[in-house]
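# Examination of the molecular architecture
Okay, here's what each chain looks like letter by letter:
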Amino acid sequence: MSSSIDLSTTAKVLLSAVATTVLGEGLNYFLVYSRSDFQLATANLKLATKKLDKATEFSGEAKNAKRQKANLEQRVKDLHSELSFMKMKATVLVGVLMLVALSSLGNYFHGSVVAKLPFAPWALVQGLSHRGLPGNDETDCSFIFLYILMGAVLRTNIHKAFGWETAAPPMFDGKMA
């Protein structure tokens, strides 16, 4: 039995993913990235990281150099924590809005085959790719799988395009900061 795919349904899923991702990232921009305190903290982090790199490069065995390096490491850790805290409220709000959108769209597209995969996915992924679809054709793709893939790709590209990528927390002495 072959499942028929309505291209308008696929287009609706893709447009829904684009719209919700752009809305979520727009909210992130207005709640976090556009604020002057966030931009100042980001600039301070870059400066502190440069200073730490220089201190690491030229650090000697002197007690003063070790103390200065330790202070800079602590400063970088503190700035990463500050940035994470600034993002936390917006992340929670955007997460709740995305869950509401996902639930609403999931109800709308429930049981619809929105794409046909050119392969049978791994068993681990199959639960997501075939979620809520009738039949046993493993190549049928559900709304949720396409929506999540599209959202992840868009979110990453939006962050790269606008330079919103923040560096991963540094590792000092092989331990996560």
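The structure we're discussing is the one just above.
A short tour of the structure in this document, coming up. Note that this is a predicted model, so its numbers are computed, not measured.

### Comments concerning the packing of aromatic side chains
- One pass over the structure, following the stated rule, counts five aromatic pairs.
- For the pair Y33 and F38, a centre-to-centre distance of 5.3 Å together with 90° between the ring planes defines the contact as edge-to-face.
- Since its relative accessible area comes to 9%, Y33 is described here as buried.
- Each ring, one from Y108 and one from F109, has its centre 4.8 Å from the other, and the planes form 85°; the classification is edge-to-face.
- What links up through ring pairs into an aromatic cluster is the set Y108, F109, F143 and Y147.

### Considerations on helix α5 (residues 143-162)
- The terminal C-alpha atoms of α5 lie 28 Å apart, and with 20 residues this matches the ideal 28 Å at 1.5 Å per residue to within 8%.
- Turning to α5, its buried residues are F143, I144, F145, L146, Y147, G151, I158 and H159.
- Elements that come into contact with the buried residues of α5 comprise α1 (7-33), α3 (63-109), α4 (123-129) and β2 (140-141).

### Some points on the pattern of salt bridges
- Overall, the coordinates contain four salt bridges when judged by the stated rule.
- Residues D137 and K116 are paired through a salt bridge, measuring 2.3 Å at the closest nitrogen-oxygen approach. With D137 in the loop between α4 and β2 and K116 in strand β1 (residues 115-116), this residue pair connects regions lying 21 residues apart in the sequence.
- Classification of K116 by relative accessible area gives partly exposed; the value is 35%.
- Between D140 and K116 there is a salt bridge, and its shortest N-O distance comes to 2.8 Å. Separated by 24 residues along the polypeptide, D140 in strand β2 and K116 in strand β1 bring together distant segments of the chain.
- On the accessibility criterion, D140 (1% relative accessible area) is buried.
- Taken together, the shared-partner salt bridges in this structure form one network comprising K116, D137 and D140.

### Let's talk about the side chain of H159
- The residue H159 is located in helix α5 in this model.
- Excluding residues that lie within four positions of it along the chain, H159 makes contacts with E25, Y33, W164 and E165.

### Focus: a nonpolar patch on the surface
- Together, F85, M88, V92, V96 and V100 line one region of the surface with nonpolar side chains, adding up to about 470 Å² of accessible area.
- Among the structural elements, V92 can be located in helix α3.
- Judged by relative accessible area, which is 52%, V92 ranks as exposed.

Quick notes on the rules
- Residues numbered from 1 in each chain as written.
- Predicted model: local features only at pLDDT ≥ 70, side-chain atom pairs only at ≥ 80, totals over all residues.
- Heavy atoms only, no water.
- Phe/Tyr/Trp six-rings, centres within 6.5 Å; stacked < 30°, edge-to-face > 60°.
- Buried < 20%, exposed > 50% of the residue type's maximum accessible area, 1.4 Å probe, protein only.
- Helix = DSSP H or I, 4+ residues; strand = E, 2+ residues; numbered from the N terminus.
- Expected span 1.5 Å × (residues − 1).
- Contact = heavy atoms within 4.5 Å.
- Salt bridge = Lys/Arg side-chain N within 4 Å of Asp/Glu carboxyl O.
- Patch = residues over 30% accessible without salt bridge, like charges linked within 9 Å, V, L, I, M, F, W, Y side chains within 5 Å.
- Areas by Shrake-Rupley, 256 points an atom, 1.4 Å probe, with all protein chains shown as cover.

Function-wise, these values are silent; they only describe arrangement.
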